Amino acid sequence: MILLVQAGERNRALLRQVLEDARQSVTTAADEAQAEAIVLENAAIRTAVIDVAGLSPRVWSLCRLLASRKIPSIVILPRENQQARAAALGHGAQAVLVKPLVAREFVSLVKTLVGQS
């Protein structure tokens, strides 16, 4: 199962649809607290996709939690930002993508991290 963390309802629904169209099982969270609760309660989470737009700096503690549980994560940035890229990787993310996303590449990366490529 993929955990999708995205503050914006519209974008969350769009990314969820892209992943489900690629036959991925998805659960969603609108903020870091909800995502942390899902991670702590659901052993089926195999990877996480985190769009940092609209999230607080607490997102980095979520990345550390995922890394501590050996759950690979992809961080999506709203624009190229070397400091944010370094922070994401430094807090345990396996990959960083920048919007706009290319759906095929996004799905391929997710499947690779889930182990289904």
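Each value, and the rule that gives it
- Residues numbered from 1 in each chain as written.
- Predicted model: local features only at pLDDT ≥ 70, side-chain atom pairs only at ≥ 80, totals over all residues.
- Heavy atoms only, no water.
- Pairing = 2+ DSSP bridges.
- Helix = DSSP H or I, 4+ residues; strand = E, 2+ residues; numbered from the N terminus.
- Expected span 1.5 Å × (residues − 1).
- Buried < 20%, exposed > 50% of the residue type's maximum accessible area, 1.4 Å probe, protein only.
- Arc of directions from axis to C-beta.
- Contact = heavy atoms within 4.5 Å.
- Salt bridge = Lys/Arg side-chain N within 4 Å of Asp/Glu carboxyl O.
- Core = buried A, V, L, I, M, F, W, Y, C linked by side-chain atoms within 4.5 Å.

The sheet contact formed by strand β4 (residues 73-77) and strand β5 (residues 95-98) spans four bridges and is parallel. If you follow Leu 77 over to β5, its bridge partner there is Val 98.

The next subject is helix α5 (residues 103-114). Here α5 is twelve residues long and its end C-alpha atoms lie 16 Å apart, about the 16 Å a rise of 1.5 Å per residue gives. Buried residues of α5: Phe 106, Val 107, Val 110 and Val 114, and no others. One face of α5 carries all of its buried residues, which in axial projection span an arc of 95°. Away from its buried face, by an angle of more than 90 degrees, α5 presents the exposed residues Arg 104 and Glu 105. Contact partners of the buried residues in α5: β1 (2-5), α1 (9-21), β3 (47-51), β4 and β5. Looking one or two residues past α5, Gly 115 carries a phi angle of roughly 95°, positive in sign.

It is worth spelling out the side chain of Ser 73 at this point. Along the chain, the position of Ser 73 falls in strand β4. Judged by relative accessible area, Ser 73 falls into the buried class, the value being 0%.

Right, let's talk about the pattern of salt bridges for a bit. The tally for this structure, following the rule as stated, stands at four salt bridges. Here Glu 20 and Arg 16 are joined by a salt bridge, their closest N and O atoms 2.8 Å apart. Linking Glu 20 with Arg 16, this pair stays in helix α1, spanning four residues, or about one helical turn. Given a relative accessible area of 33%, Glu 20 falls into the partly exposed group. According to the relative accessible area criterion, Arg 16 is partly exposed, its value standing at 27%. With a closest N to O distance of 2.7 Å, Arg 58 and Glu 36 form a salt bridge. Remark: Glu 36 occurs in helix α2 (residues 32-41) and Arg 58 occurs in the loop between β3 and α3 (59-68); sequence separation between them is 22 residues. What makes Arg 58 partly exposed here is its relative accessible area of 40%. With a relative accessible area of 15%, Glu 36 lands in the buried category.

Our next topic: the nonpolar core. Among the nonpolar cores identified, the biggest contains 24 residues, and Leu 3, Val 5 and Ile 50 are the most heavily contacted of them. Contributing elements (two or more residues each) for this core: β1, α2, β3, α3, β4 and α4 (82-90). Each residue touching Ile 50, except ones within four places of it in the same chain, is listed here: Val 5, Leu 55, Val 59, Leu 62, Cys 63, Leu 66, Ser 73, Ile 74, Val 75 and Ile 76. The next biggest cluster of nonpolar side chains, apart from the first, holds 15 residues, and it includes Ala 22, Ala 95, Leu 97 and Phe 106.

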